Amino acid sequence: EISAWDNEDFVNAVRATGKKTPVIAGIWTSVCVMLPALDAVAAGFKVYAVIDASGDPSTLTSRTTLARFAQAGVVPTSISAVVCELQRTWNRPDAAKYAEIYALFSPHYAAAIESYQRAQQAAKK
């Protein structure tokens, strides 16, 4: 299949979660994300497409895909937004793990984490 939504096992797995809001990323936004996203919206799901976790062969292709998403009701989002929505607060026991995740996709955030950790170490001395 070109669209994952054309695979019955995939659709059944999505439906089996009982969730109505899939978050989709893929290799090409214009194909791997767009096709199943449009089909899922047509099937009654509210779909989020993680734009910066996917790519396209050109800027024009990406812009065209975003326009189709907007017309169809697919919600464009980013990696950081998805992770922040899952995390919700720094006041949790696994907060350091989330910091590691942010550092994977944001080198600037990795520098901020390092600065914070060094300040904490200096304060302990």
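Given the structure is predicted, the values throughout are model-derived calculations rather than measurements.

## Quick look at unusual backbone geometry
Reasoning step 1: Not every positive phi belongs to a glycine, and Arg 88 is a case in point at roughly 70°.
Reasoning step 2: For Arg 88, the position within the fold is in the loop between helix H4 (79-87) and helix H5 (95-105).
Reasoning step 3: Exposure remark for Arg 88: the relative accessible area of 69% places this residue in the exposed category.

## What about the packing of aromatic side chains?
Reasoning step 1: The full count for this structure, using the stated rule, is 6 aromatic pairs.
Reasoning step 2: Pairing Trp 5 with Phe 45 gives two aromatic rings, centres 5.5 Å apart and planes at 75°, and the pair type is edge-to-face. Here Trp 5, found in the segment before helix H1 (8-16), pairs with Phe 45, found in the loop between helix H2 (29-42) and strand S2 (48-50); they are 40 residues apart in sequence, far enough to count as distant. Both residues of the pair, Trp 5 and Phe 45, count as buried.
Reasoning step 3: Aromatic ring contacts, followed pair by pair, group Trp 90, Tyr 102, Phe 105 and Tyr 109 into a single cluster.
Reasoning step 4: Positioned above the aromatic ring of Phe 45, the side-chain terminus of Lys 20 is 4.3 Å from the ring centre.

## With respect to the nonpolar core
Reasoning step 1: Trp 5, Ala 37, Phe 45, Val 47, Phe 69 and Val 74 are the most contacted members of the largest nonpolar core, which has 14 residues in total.
Reasoning step 2: When contributions to this core are tallied by element, the ones reaching two or more residues are H1 and H2.
Reasoning step 3: When residues in this core are grouped by element, the largest group, 5 residues, is from H2.
Reasoning step 4: If we ignore the near neighbours within four places in the chain, the residues touching Phe 69 are Thr 29, Val 33, Met 34, Ala 37, Ala 49, Ile 51 and Val 74.

## As for the packing of H2 against helix H3 (residues 59-72)
Reasoning step 1: Two elements in contact, H2 and H3, have axes separated by 11 Å at closest approach and are oriented at 5°. Between H2 and H3, the angle falls in the class roughly parallel. Every residue of H3 that contacts H2 at Thr 29, Ser 30, Val 33, Met 34, Ala 37, Leu 38 and Val 41 is listed here: Thr 61, Thr 65, Arg 68, Phe 69 and Ala 72.
Reasoning step 2: Across the contact of H2 with H3, the residue classes tally to 7 nonpolar, 4 polar and 1 charged.

## Let's talk about H1
Reasoning step 1: Where H1 begins, the capping side chain belongs to Asn 7, and its oxygen is found 2.8 Å from the backbone nitrogen of Asp 9.
Reasoning step 2: Just past H1, the residue Gly 18 takes up positive phi, approximately 80°.

## Brief notes about H5
Reasoning step 1: Every buried residue of H5 is listed here: Ala 95, Tyr 98, Ala 99 and Tyr 102. Looking down the long axis of H5, one finds its buried residues gathered within 105° of arc, a one-sided arrangement. Of the exposed residues in H5, the ones pointing more than 90 degrees away from its buried face are Ala 96, Lys 97 and Leu 104.
Reasoning step 2: Looking at the buried residues of H5, the elements they touch are H4 and helix H6 (107-124).

Conventions and cut-offs
- Residues numbered from 1 in each chain as written.
- Predicted model: local features only at pLDDT ≥ 70, side-chain atom pairs only at ≥ 80, totals over all residues.
- Heavy atoms only, no water.
- Helix = DSSP H or I, 4+ residues; strand = E, 2+ residues; numbered from the N terminus.
- Buried < 20%, exposed > 50% of the residue type's maximum accessible area, 1.4 Å probe, protein only.
- Phe/Tyr/Trp six-rings, centres within 6.5 Å; stacked < 30°, edge-to-face > 60°.
- Lys NZ or Arg CZ within 6 Å of the ring centre and 35° of its normal.
- Core = buried A, V, L, I, M, F, W, Y, C linked by side-chain atoms within 4.5 Å.
- Contact = heavy atoms within 4.5 Å.
- Axes fitted to C-alpha atoms, helices over the stretch in contact; angles between N-to-C directions.
- Parallel < 35°, antiparallel > 145°, perpendicular 65-115°, else oblique.
- Nonpolar A, V, L, I, M, F, W, Y, C, P; charged D, E, K, R; others polar.
- Polar contact = N/O pair within 3.5 Å; in protein donor to acceptor, adjacent residues only side chain to side chain.
- Arc of directions from axis to C-beta.

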